[in-house]
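Here are the chains, one letter per residue:
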Amino acid sequence: GFQITLFDVSNLKNTKVLQRYTLDNDKGWMSSSAENDHLAFRYLPQSKLLILPVRRTTYWSSKKDPFDGFKIYYVDDDGIEKRFGIEMTSPSKIRKGCWYRASLPARSMVFKGNLTVVKGHGYASYDLNTERRRWKHNLDKNLPKNKCANYW
């Protein structure tokens, strides 16, 4: 499965794994654009939060739904713990929605405790303290049917 690993690199000749967290794939494929785009994820040292874009594609028969969004983790030397997730759209809309052919790269910004995320076909804002959504926008909401493409 997809893993988050925290390394001790204080001695580059003797690096050590401090923590490892595996995301559940469950009959699907888990990936992150952070694997090849260092601007896609964000770590907040004061709050020790990792903001990670995540995508899960699944088989139609899978128990898990497809997911496109962000996962927020608390990360320190003692462990990695999932805090909450942000869906950029619903699983049913991923499967049957109408989407434009272009999509936005994953990015995140934090201002005064409010997290703004951009990914795929929309953007949203969440309060990091309460984990509540402040607002969300789908850029492809009124796309004409003749411009439709699959989500991925």
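The structure reproduced in this document is the subject of the present report. Every value quoted in this text rests on a predicted model; they were computed, and no experiment measured them.

### Quick word on the overall build of the protein chain
Here's step 1: When its secondary structure is counted, the protein chain shows one helix and eleven strands.
Here's step 2: Ordered by position from the N terminus, the helices and strands of the protein chain form the series β-β-β-β-β-β-β-α-β-β-β-β.
Here's step 3: Counting only C-alpha atoms and orienting by the principal axes, one finds that the protein chain spans roughly 55 × 40 × 25 Å.
Here's step 4: Across the 152 residues of the protein chain, 39% fall into the buried class.
Here's step 5: For the protein chain, restricting intrachain contacts to residue pairs at least 6 apart in sequence, the fraction spanning at least 24 positions comes to 46%.

### Observations concerning the state of the cysteines
Here's step 1: Counted according to the given criterion, the structure contains one disulfide.
Here's step 2: The disulfide partner of C98 is C148, and the S-S distance across this bridge is 1.7 Å. On the sign convention where negative means left-handed, the S-S torsion of about -90 degrees between C98 and C148 marks this disulfide as left-handed. Of this pair, C98 sits in the loop between α1 (91-96) and β8 (104-111) while C148 is found in the segment after β11 (133-138), placing the two residues 50 residues apart along the sequence.

### Examining a nonpolar patch on the surface
Here's step 1: On the surface, F7, V9, L12 and V17 cluster together into a nonpolar patch covering about 400 Å² of accessible area.
Here's step 2: Positionally, V9 belongs in the loop between β1 (3-8) and β2 (16-22).

### Things to note about the sheet that holds strand β10 (residues 122-127)
Here's step 1: The four strands are arranged β8-β9-β10-β11 in an open sheet whose pairing can be described as antiparallel. Each edge of the sheet is formed by a strand with only one pairing partner; in this case those strands are β8 and β11. Averaged over all neighbouring strand pairs, the angle between strand axes comes to 10 degrees, with direction disregarded.
Here's step 2: For strand β9 (residues 114-120) and β10, the ladder comprises six bridges, and the chain directions are antiparallel. Each residue of the ladder has a partner; that of V118, found in β10, is Y123.

### Here's the deal with the packing of aromatic side chains
Here's step 1: Under the counting rule described, the total for this entry stands at four aromatic pairs.
Here's step 2: With a centroid separation of 4.8 Å and 85 degrees between ring planes, the pair formed by W99 and Y151 is classed as edge-to-face. Here W99 is found in the loop between α1 and β8, whereas its partner Y151 is found in the segment after β11, with 52 residues between them in sequence.
Here's step 3: Given a relative accessible area of 7%, Y151 falls into the buried group.
Here's step 4: Between the aromatic rings of Y123 and W135, the centroid separation amounts to 5.8 Å while the plane-to-plane angle is 75 degrees, which identifies the pairing as edge-to-face. Within this pair, whereas Y123 is found in strand β10, its partner W135 is found in strand β11, the two being separated by twelve residues in sequence.
Here's step 5: For W135, a relative accessible area of 36% gives the class partly exposed.
Here's step 6: Over the aromatic face of F67 sits the side chain of K71, whose NZ or CZ is 4.2 Å from the ring centroid.

Scoring rules and cut-offs
Residues numbered from 1 in each chain as written. Predicted model: local features only at pLDDT ≥ 70, side-chain atom pairs only at ≥ 80, totals over all residues. Heavy atoms only, no water. Helix = DSSP H or I, 4+ residues; strand = E, 2+ residues; numbered from the N terminus. Buried < 20%, exposed > 50% of the residue type's maximum accessible area, 1.4 Å probe, protein only. Contact = heavy atoms within 4.5 Å. Disulfide = S-S within 2.5 Å. Patch = residues over 30% accessible without salt bridge, like charges linked within 9 Å, V, L, I, M, F, W, Y side chains within 5 Å. Areas by Shrake-Rupley, 256 points an atom, 1.4 Å probe, with all protein chains shown as cover. Salt bridge = Lys/Arg side-chain N within 4 Å of Asp/Glu carboxyl O. Pairing = 2+ DSSP bridges. Axes fitted to C-alpha atoms, helices over the stretch in contact; angles between N-to-C directions. Phe/Tyr/Trp six-rings, centres within 6.5 Å; stacked < 30°, edge-to-face > 60°. Lys NZ or Arg CZ within 6 Å of the ring centre and 35° of its normal.

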